[in-house]
Amino acid sequence: MKLPKSLDNSISLIGAIIAVVSLVIMAFLVIVSLFLEEGGAYTGLFTYIIMPALLVLGLILIPVGMWLKIRRVKKSGQPMSTSWRVIDFNQRSHRNAVLIFGFGTLLFVMLSSIGSYEAYHYTESNEFCGETCHKVMSPEYTTYQESPHARVGCVECHVGAGATWYVKSKLSGLYQVYSVLTNKYPHPIETPVHSLRPARETCQQCHWPEQFYPNQLVNERHFLADSANSEWNIHLRMRIGSDHRSGGLAEGIHWHINPNIQVDYIPATDKREDIPWVRYINLATGDTTIYMDSENPLDEETLSSAVPRTMDCIDCHNRPSHRYKTPQDFTDRQIAAGNIPKSLPYFKQAAMQVMFSESFTNLDTAKMTINDRIKEYYETEYPDILATQKDSVEKAIVGLLDGFERNIFPYMQASWDAYPDHIGHIEFNGCFRCHNNQHVSESGKVISQDCNLCHTILQQGPPDNPQVAQFNQSLEFEHPVKLKKGWKEGLCTDCHRYLYE
Ligand code: HEC
Ligand code: HEC
Ligand code: HEC
Ligand code: HEC
Ligand code: HEC
Ligand code: HEC
């Protein structure tokens, strides 16, 4: 049986060549990936997205070419048989052709279903989400790899289970690819993610409130910006639940997500950093209390048009996976880890001065600037330290740059400053967005800022001479450096948001 005449045209031929070549390349890549465990982000992109797309394109070109040829021939008035062929099973060539065509189709359908299954997996993989658009996603991917969720897939939080969310995320993904190609995406990528799937559907796949702990210990090591980089440690017992396991979520920090409790709020702006209006509904009794910020009340107009947001995990844990540490935090961690020698006098101060006085636009120049400025600092302020401890200075700079690289991303403008962390209240208002003694209900109730509401301080002070709390009691917070009288009136962020500026 001969091939139809209409196949004899260059478009169909090109289509066929594209299809065959991409099929061969795909087969080759699949075989390679069987032998090499890690193919990298781009192998998957080629094997499961680009090559199959080319294959389909090639296959589409074949009938398109045929159709064009028939039209052309018809227009020119030449005779050409376009009538349907008659298949005669008595002829061996016809039988073979049908067999070949049938098997070919079956094989193609089989391969493409395996292919689309793999493509599905691939577009759900961390390498696809985190590495394909490397420059854009590098801040999120890098911080993710250092987070407690480094072994949890991006899609577990960002997409979750179910076809609707899969389609939703892929549609918005297409738009994202477009905005990357046309360089239209914002630097930094905007936060909060308004289209994030409700946290109760994602986080609670793995953390369900019935199994929360009543308490968690948080031990922090700090190094002050003085001559000795003096260490100051704080041990807190976080009252995530009630004091006893049997108390469930009836009190404590996770009270907000007790199934009987609903806390709604209206933020002043999309950023959710100021919260002037809070409503607490006790779903069991129906009691409702509305708290308004007495210093910065919400104007009537915004209030009447706003849709309140119901508080969920993300309103506190907004950085479970992408935590951009502050310069003071990552420097402290590098000192604690021994990557920056604690014995090098004034290093914390030097580092903070540089970090808070420079702005960076590109990683390479940032590294050079930091290196130069630290050395300049020692040259002008403490030349004898530079002379006698040059190696220490070099080592400290390496440690600082290491911390910098993993937390500040000049190209994307991604850093602690762009992505506030809502757990805590020191650099960002976090809990104090509501718990600032300023949110008052009509009957005069306030959302409390009591220092023992959320945690008790078990230990604080220098490691060789700490204050230690008695069993089941809390120490009164002692600020690590002496402050002027009256500092307790304000918020910690009044000083700490840009502490070293
Ligand atoms: C444990 C859950 C979790 C995992 C795993 C996770 N994310 Fe996120 N991601 C979040 C949350 C929560 C936010 C911030 C939501 C908010 O504040 O609105 C976020 C925000 C983002 C943003 C917006 C910018 C920002 O930081 O607010 C991007 C982009 C992003 N994630 C990409 C990724 C990529 C890529 C991966 C995998 C490499 C990943 N995420 C893994 C929970 C997660
Ligand atoms: C696929 C399972 C999974 C999902 C989904 C998930 N987590 Fe986790 N989460 C984990 C694992 C595993 C750990 C690490 C436990 C450990 O290190 O002991 C963890 C740890 C945590 C911790 C403790 C971190 C710490 O510093 O000790 C918090 C808080 C947390 N997750 C919050 C969230 C939030 C909020 C979400 C939703 C945005 C979420 N998780 C989604 C599995 C998950
Ligand atoms: C959107 C506003 C809002 C934010 C943000 C917020 N809270 Fe609350 N919180 C409330 C309200 C409202 C109450 C109940 C006040 C009342 O009527 O007693 C409350 C009560 C509490 C209680 C007491 C629960 C009990 O009865 O035992 C704790 C503990 C608590 N919050 C901890 C936190 C922590 C920790 C954070 C930050 C990680 C935080 N809250 C952030 C609104 C908020
Ligand atoms: C009111 C703020 C707030 C809300 C809402 C909240 N958390 Fe937490 N959660 C905290 C704080 C504070 C801690 C203590 C750890 C810390 O300070 O980092 C904590 C600790 C945890 C831990 C580690 C300890 C443990 O019990 O295993 C997990 C996991 C966790 N939260 C998951 C969740 C999930 C899931 C949700 C949503 C269903 C949620 N949290 C809602 C504030 C909150
Ligand atoms: C509404 C809850 C809440 C209240 C009220 C509260 N805190 Fe906190 N505090 C937190 C949370 C959450 C953290 C973060 C723990 C962590 O790092 O994960 C924290 C952290 C701290 C830390 C440790 C900071 C560090 O990095 O070492 C100190 C110190 C502290 N609080 C002092 C206070 C003092 C003093 C008050 C009273 C003015 C107070 N807190 C009131 C929730 C609260
Ligand atoms: C009047 C300004 C001011 C206020 C308000 C303030 N601090 Fe500080 N804080 C400082 C200064 C200055 C340092 C010293 C920094 C250094 O030497 O590195 C400091 C250091 C600290 C440190 C040591 C670790 C670090 O981050 O350097 C902690 C912890 C701390 N403050 C907690 C708090 C808490 C909690 C509050 C709110 C209850 C608060 N501070 C309010 C000025 C302030």
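Bear in mind the structure is a predicted one, so any value in this text is a computation, not a measurement.

This part covers the coordination of the iron atom of ligand 2. Where a metal carries four tetrahedral donors, each ideal angle is 109.5 degrees; where it carries six octahedral donors, the ideal angles are 90 or 180 degrees. Protein ligation of the iron atom of ligand 2 involves H149 (NE2) and H207 (NE2), the donor distances falling in the range 1.9 Å. Here the iron atom of ligand 2 is ringed by six donor atoms whose angles at the metal span 86 to 180°, and the overall shape comes out octahedral. Placement of the pair is H149 in the loop between α5 (134–145) and α6 (154–158) and H207 in the loop between α8 (199–202) and β1 (216–223), with a sequence separation of 58 residues.

With 19 residues, helix α12 (residues 363–381) extends 27 Å between its outermost C-alpha atoms, agreeing within 8% with the 27 Å of an ideal straight helix rising 1.5 Å per residue. Within the sequence span of α12, burial applies to A366, T369, I370, I374, K375, Y377 and Y378. Where α12 is buried, its residues meet α11 (347–357), α13 (383–388) and α14 (390–407). Two to three positions downstream of the cap, the backbone nitrogen of D364 sits 2.9 Å from a side-chain oxygen, assigning the N-cap of α12 to N362.

This part covers the domain arrangement of the protein. When its domains are assigned, the protein resolves into domain 1 (5–76 + 87–123), domain 2 (127–196), domain 3 (210–320 + 421–496) and domain 4 (327–407). Domain 3 and domain 4 are separated by 32 Å when their C-alpha centres are compared. Both faces combined, the contact of domain 3 with domain 4 buries some 980 Å², and carbon together with sulfur accounts for 47% of it. Interface area lost by domain 3 to domain 4 is led by F223, S227 and N229, which between them contribute 55%.

Turning next to the site of ligand 4. In the vicinity of ligand 4 lie 18 residues, with H254, H256, C313, C316 and H317 positioned nearest. Y213 places a polar main-chain atom, nitrogen or oxygen, 3.2 Å from an oxygen atom of ligand 4. Between a nitrogen atom of ligand 4 and a side-chain N or O atom of H317, the distance comes to 2.7 Å. Here the shell around ligand 4 is built from residues that sort into eleven nonpolar, six polar and one charged.

With that settled, the discussion passes to the site of ligand 3. Around ligand 3 sit 20 residues in total, of which H256, Y291, C431, C434 and H435 are the nearest. At 2.8 Å from a nitrogen atom of ligand 3 is found a side-chain nitrogen or oxygen belonging to H256. Elements with a minimum of two residues in the shell around ligand 3: β4 (277–282) and α15 (451–454).

Right, let's talk about α14 for a bit. Under the 1.5 Å per step criterion, the end-to-end length of α14 is 26 Å for 18 residues, consistent within 8% with the ideal 26 Å. Within α14, the full set of buried residues consists of S392, V393, A396, I397, G399, L400, L401, G403, F404 and N407. Summarising the contacts, the buried residues of α14 are in contact with α10 (327–336), α11, α12 and α13.

Once that is clear, we can look at the nonpolar core. Within the largest apolar cluster, 38 residues are counted, with the highest numbers of intra-cluster contacts made by F347, I370, I374, Y378, L400 and F404. Ignoring anything within four residues of it in the chain, the contact list for Y378 reads L344, P345, Y346, F347, A350, P383, I385, L386 and V393. One finds V263, I275, V278 and M311 within the second-largest nonpolar core, a separate group that totals ten residues.

Turning our eyes to something else, we now look at the pattern of salt bridges. All chains considered together, the criterion is met by 20 salt bridges. Linking K375 and E394 is a salt bridge whose minimum nitrogen-to-oxygen distance equals 3.1 Å. With a gap of 19 residues between them, K375 in helix α12 and E394 in helix α14 connect regions that are remote in the sequence. By relative accessible area, which is 32% here, E394 ends up partly exposed. One salt bridge connects K488 with E476, and the closest N-O pair in it is separated by 3.6 Å.

Once that is clear, we can look at the sheet that holds strand β9 (residues 467–468). Across the sheet, which stays open at both edges, the four strands sit in the order β1-β2-β8-β9 with antiparallel pairing between neighbours. Two strands close off the open sheet at either side, each with one partner strand: β1 and β9. Pairing between β1 and strand β2 (residues 231–238): eight bridges, direction antiparallel. If you follow Q216 over to β2, its bridge partner there is M238.

So, on to the packing of α10 against α14. Relative to each other, α10 and α14 sit at 135°, their axes nearing to 9 Å. Here α10 lies oblique to α14, going by the angle between them. Relative to α14, α10 is oriented so that their crossing is right-handed. Where α10 abuts α14, its residues F330, T331 and Q334 lie against G399, L400, D402, G403, F404, R406 and N407. Grouping the amino acids of the contact of α10 with α14 by side-chain chemistry returns three nonpolar, five polar and two charged.

Reading the values: rules and limits
- Residues numbered from 1 in each chain as written.
- Chains lettered and ligands numbered in written order.
- Predicted model: local features only at pLDDT ≥ 70, side-chain atom pairs only at ≥ 80, totals over all residues.
- Heavy atoms only, no water.
- Donors = N, O, S within 2.8 Å, 3.2 Å for Na, K, Ca; no water.
- Tetrahedral: all angles 85-135°; square planar, octahedral: opposite > 155°, others 65-115°.
- Helix = DSSP H or I, 4+ residues; strand = E, 2+ residues; numbered from the N terminus.
- Expected span 1.5 Å × (residues − 1).
- Buried < 20%, exposed > 50% of the residue type's maximum accessible area, 1.4 Å probe, protein only.
- Contact = heavy atoms within 4.5 Å.
- Polar contact = N/O pair within 3.5 Å; in protein donor to acceptor, adjacent residues only side chain to side chain.
- Domains from an automatic or database assignment.
- Buried area = accessible area lost by both parts, 1.4 Å probe.
- Near = heavy atom within 4 Å.
- Nonpolar A, V, L, I, M, F, W, Y, C, P; charged D, E, K, R; others polar.
- Core = buried A, V, L, I, M, F, W, Y, C linked by side-chain atoms within 4.5 Å.
- Salt bridge = Lys/Arg side-chain N within 4 Å of Asp/Glu carboxyl O.
- Pairing = 2+ DSSP bridges.
- Axes fitted to C-alpha atoms, helices over the stretch in contact; angles between N-to-C directions.
- Parallel < 35°, antiparallel > 145°, perpendicular 65-115°, else oblique.
- Left-handed = near helix turned anticlockwise from the far one by under 90°.

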